[in-house]
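A look at the structure
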Amino acid sequence: MGTVNDNGRLVLAGAPIGRVEDASARLREALAGADVVAAEDTRRLRRLAADLGVTLAGRVVSYYDANEAARAGELLADLQDGRTVLVITDAGMPGVSDPGYRLTHLAVEAGIPVTALPGPSAVTTALAISGLPSDRFCFEGFPPRKPGERARRLAALAAEERTMVFFEAPHRLRACLAAMAEAFGAERPAAVCRELTKTYEEVRRGPLSELAAWAEGDVRGEITLVVAGYAPGDAEPDIGALVAEVARREQAGVSRKQAIVEVAKAAGVPKRELYDAVHRA
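Right, let's walk through the structure included here. All figures in this text were calculated on a predicted structure; none of them were measured in a lab. (Residues numbered from 1 in each chain as written. Predicted model: local features only at pLDDT ≥ 70, side-chain atom pairs only at ≥ 80, totals over all residues. Heavy atoms only, no water.)

A look at the packing of helix α10 (residues 256-267) against helix α11 (residues 271-280)
The geometry of a pair of packed helices is captured by two quantities: the angle between their axes and the separation between those axes. Going by this rule: To get an axis, fit a line to the C-alpha atoms, keeping to the stretch in contact for a helix; angles then go from 0 to 180 degrees between the N-to-C directions. A run of H or I in DSSP becomes a helix once it reaches four residues, and a run of E becomes a strand once it reaches two; helices and strands are each numbered from the N terminus. Orientation labels follow simple angle bins: below 35 degrees gives roughly parallel, above 145 gives roughly antiparallel, 65 to 115 gives roughly perpendicular, and whatever is left gives oblique. Rotating anticlockwise by less than a right angle from the far helix to the near helix defines a left-handed crossing, while the corresponding clockwise rotation defines a right-handed one. Whether two residues are in contact is decided by their heavy atoms: any pair within 4.5 Å suffices. Residue polarity follows a fixed list, in which Ala, Val, Leu, Ile, Met, Phe, Trp, Tyr, Cys and Pro are nonpolar, Asp, Glu, Lys and Arg are charged, and the others, Gly among them, are polar.
Running from N to C, α10 and α11 cross one another at 130 degrees; their axes reach a closest spacing of 9 Å. Here α10 is positioned oblique relative to α11, judged by the angle of their axes. As α10 runs across α11, the sense of the crossing is right-handed. In this structure, α10 uses Arg256, Ile260, Val261, Val263 and Ala264 to contact α11, whose residues at the interface are Lys271, Leu274, Tyr275, Val278 and His279. Along the lines of polarity and charge, the residues of the contact of α10 with α11 split into seven nonpolar, one polar and two charged.

Right under this line is the structure:
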């Protein structure tokens, strides 16, 4: 276990997204040497450590969505006391749709060194095997759960030219794909990547409408969606959905002018066209 000194350090450790064999030698060394290991699921951490043949000499604490805000302050205190704190999630990289951002932000603000142990990522793995353009892409995380909010978010992305990567829960997959087909066009190419690197890995490629029909079956496991960006000839953005998105942002406290500018830019429509539509509504 590391020695307490004046120079604490935060380590963001990428965990295997499927096969434990993907773990690096550096991850084994870091887990064994950390003063504090903050894990999204302590049971999974101990199982991973056992599979890797690692003895966790440091203090193990839980660090997940529900306690992230409160525990970040406690972990910052450990860092300020000179301890090495390692953050690890169930799979993938901390801070990417998983706990980690709040503590990283606090550490940076406090001038504490932050480093990362690179590891497998469902985002880049799915992008690489999707067969869709990968030179420019954006990660959009989980779409909103509520249908109205999801429709507005997707409408704002309708003219996004970069390939888009999303996470989604299996029980919401069909509804999500159907909403994407409506917002982006039924023929927009996409890929559903399921259980990446695991025994039952599966990649389904095709137009959004076909993937939505396929997802009516019993789809299980971890899901990553990759959707092609907007290209000439695609369906034009739904101006009504863009007006609704402007209204949503206004209700959230954004000025109407700013909301119109932001939504028009994201959707690739002229500001004047959206301005006129908002005022007609």
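So that's the structure; there's more coming.
Overview of the layout of surface pockets
What counts is decided by this rule: A cavity here means a set of 1 Å grid points, computed over protein atoms only, where a 1.4 Å probe fits but cannot escape. A pocket is an open set with protein on both sides within 12 Å along at least 5 of 7 lines, and lining residues have an atom within 4 Å of a point. Grid points are joined across faces, edges and corners, and a volume is the space filled by probe spheres set on the points.
Considering only enclosed or pocket space, the largest pocket measures out at about 1200 Å³ in volume. Contributing to the lining of the largest pocket are 43 residues, with Arg44, Asp90, Ala91, Asp98 and Glu222 lying nearest its centre. Contributions of two or more residues to the lining of the largest pocket are made by α2 (42-52), α5 (122-129), β7 (163-168) and β10 (223-227). Per-element accounting of the lining of the largest pocket gives the leading share, five residues, to α2. Its residues assigned to classes, the lining of the largest pocket comprises 21 nonpolar, eight polar and 14 charged. When its volume is computed, the second largest pocket comes out at roughly 210 Å³. Lining the second largest pocket are 11 residues, and of these Arg9, Val11, Glu29, Ala30 and Thr84 sit closest to its centre.

What about the sheet that holds strand β9 (residues 202-207)?
Stated formally: Criterion used throughout: strands pair if DSSP finds at least two bridges between them.
Here five strands make up an open sheet; going across it, the order is β6-β7-β10-β8-β9 and the pairing mixed. Looking along the sheet, the strands with just one partner apiece sit at the ends: β6 (137-141) and β9. Direction aside, the axes of adjacent strands within the sheet are offset by 20 degrees on average. As paired elements, β7 and β10 share five bridges and run antiparallel to each other. Paired with Phe167 across the bridge in β10 is Thr224. Strands β6, β7, β8 (189-194), β9 and β10 of the sheet are contacted by α5, whose axis makes an angle of about 125 degrees with β7.

Examining the environment of Asn67
If you trace the backbone, Asn67 turns up in the loop between β3 (59-62) and α3 (68-80). Separated by 27 residues in the primary sequence, Asn67 and Glu40 place their C-alpha atoms 9.9 Å from one another.

Observations concerning the nonpolar core
Here is the rule: The definition of a nonpolar core used throughout is a set of buried Ala, Val, Leu, Ile, Met, Phe, Trp, Tyr and Cys residues joined through side-chain atoms within 4.5 Å. Only protein chains enter the area calculation, which uses a 1.4 Å probe; residues under 20% of their type maximum are buried, those over 50% are exposed, and those in between are partly exposed.
By size, the foremost hydrophobic cluster in this structure holds 24 residues, and its most contacted members are Leu177, Met180, Phe184 and Leu225. Secondary structure elements with two or more residues in this core: β7, α7 (173-184), β8, α8 (208-214) and β10. Counting residues per element, this core draws most heavily on α7, at eight residues. The residues contacting Leu225, other than those within four sequence positions of it, are Met164, Val165, Phe166, Glu168, Leu173, Cys176, Leu177, Met180, Ala191 and Val192. Ranked by size, the runner-up nonpolar core spans 19 residues in total, among them Ala34, Ala39, Leu86 and Leu117.

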